[in-house]
Amino acid sequence: MSTTTTVPQEDARMSARIIDGKAYAAGLGERIAASVSALAETAGNPPGLAVVLVGNDPASGVYVRNKGKTARKVGMVSFEHVMPEDATQGELMKLIGELNTDDAVDGILVQLPLPAHLDSLAVIDAIDPSKDVDGLHPLNAGRLASGLPGLVSCTPLGCLMLLRAARGNLSGLDAIVVGRSILVGKPIAQLLLAENCTVTVAHSRTRALAAKVAAADIVVAAVGQPEMIKGDWIKPGATVIDVGINRVERDGKTALVGDVEFDVASQHAGAITPVPGGVGPMTIMSLIHNTLVAAYMRRGLAVPQLW
Ligand code: NDP
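Along each chain, residues carry numbers from 1 onward, in the same order as the chain's sequence is written. Residues qualify for local features only when their pLDDT is at least 70, as the model is predicted, and side-chain atom pairs are given and counted only at 80 or more; totals for whole chains, interfaces and linings, by contrast, use all residues. Water and hydrogen atoms play no part in the side-chain values, which are based on all heavy atoms of the structure.

So, the site of the ligand
Close contacts around the ligand come from 21 residues, with Arg180, Ser181, Ser204, Gln225 and Thr283 the closest. In the environment of the ligand, an oxygen atom lies 2.5 Å from a nitrogen or oxygen atom belonging to the side chain of Ser204. Between the ligand and Gln225 there is a distance of 3.0 Å, counted from a nitrogen atom to a side-chain nitrogen or oxygen. Here the Shrake-Rupley method, with its probe set to 1.4 Å, supplies the accessible areas, and only the displayed protein chains count as covering residues. About the coverage of the ligand: the protein hides 70% of its 930 Å² of free accessible area. The element contributing the most residues to the shell around the ligand is helix H11 (residues 279-298), with three residues. In this text, near means that some heavy atom of the residue lies within 4 Å of the molecule or strand in question. Nitrogen and oxygen atoms within 3.5 Å of one another constitute a polar contact, given that in protein one can donate a hydrogen and the other can accept it, and given that sequence-neighbouring residues count only through two side-chain atoms. Each helix corresponds to a stretch of at least 4 residues labelled H or I by DSSP, and each strand to a stretch of at least 2 residues labelled E; elements are numbered beginning at the N terminus.

Here it is as structure tokens:
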């Protein structure tokens, strides 16, 4: 007797595997927690993460609380410093100086954006590069560009982790990164080059973007414009990493969408990250991973390979 399976129309059209960033981040968190307790046993104290928030921006407040909560969940010590909106550059620099010399602190993260009167670049520059767990210090950016080990910007690192998990060896693949910001686009392009991909970096002046996307085995979208990368541009079987987080009004409600037209792209791609639930959860876990890396490196110990 033969059996038949009825596939609902929507499922039949959706061919892409969904890259579940939330699940990957949870698994990585468990591996980090095991390494944190191993480090605490050998070195005597667990890694410490200091997060600095200036002002009362509600979204930044939520991010800072989530970072502290995730650090504690894996067994790290979390130090949260909240400064008033009118804190001066001098006051902030003094705090950074204290955190730089505090041995209990392995990682320092200053929540961005800072209030407009503060000089963010000077603040990032003042962080001890060995504690720069956001990977934004020019020394760490330079190390990445030079192919040297260092602390890598969190969102790009999270993207690479997902790509490796989804696709394995990336060597020789054609990749396009849409967006060239210092925070996301440029470091992702550097990471993919280091994986031996052939990398195209597109931006607002790029011509014939659709054709360039259509030629890529890997598409990383970091633009900040809702669904600007059309689904039918995607090469069949390509892997799509959507970094964008955009709030849009849909049916009278606010919804989050990425930079890629997900519904159509998922009919062409081999694997794709959803928004939310793709890159977003990886950003915090990459920060926690960087704090672990910083803690091992600062104690002169070999860094465990967790991904
Ligand atoms: P930026 O605004 O700094 O950079 C956007 C980039 O997109 C620029 O390089 C810009 O080009 C390029 N761009 C703009 N319009 C176009 C276009 N029409 N065609 C091609 N390229 C274009 O943004 P970020 O890099 O900081 O962030 C990008 C997105 O990622 C945002 O949605 C942000 O919210 C999200 N994000 C998500 C994170 C997460 O955890 N998931 C973390 C960080 C960011 P040009 O340089 O020429 O201006």
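A look at unusual backbone geometry
Geometrically, the link from Leu112 to Pro113 is a cis peptide bond, its omega value of 0° lying close to zero. Position of Pro113 relative to the elements: it lies in the loop between strand S4 (107-110) and helix H5 (120-126). A cis geometry characterises the amide bond from Val275 onward to Pro276, with omega recorded as 0°. By secondary structure assignment, the location of Pro276 is in the loop between strand S11 (271-272) and H11. Positive phi is not limited to glycine here, since Asn196 has a value of about 70°. Among the structural elements, Asn196 can be located in the loop between helix H8 (185-194) and strand S6 (198-202). Look at Ala208: it is not a glycine, yet its phi comes out positive at around 50°. Looking at where Ala208 falls in the secondary structure, it is placed in the loop between S6 and helix H9 (209-214). Since its relative accessible area comes to 51%, Ala208 is described here as exposed. Between buried and exposed lies partly exposed: a residue is buried under 20% and exposed over 50% of the maximum accessible area for its type, with that area taken using a 1.4 Å probe on protein chains only.

Observations concerning the environment of Leu49
Within the secondary structure, Leu49 sits in strand S2 (residues 48-54). Separated by 84 residues in sequence, Leu49 and Val133 have C-alpha atoms that sit 8.7 Å apart.

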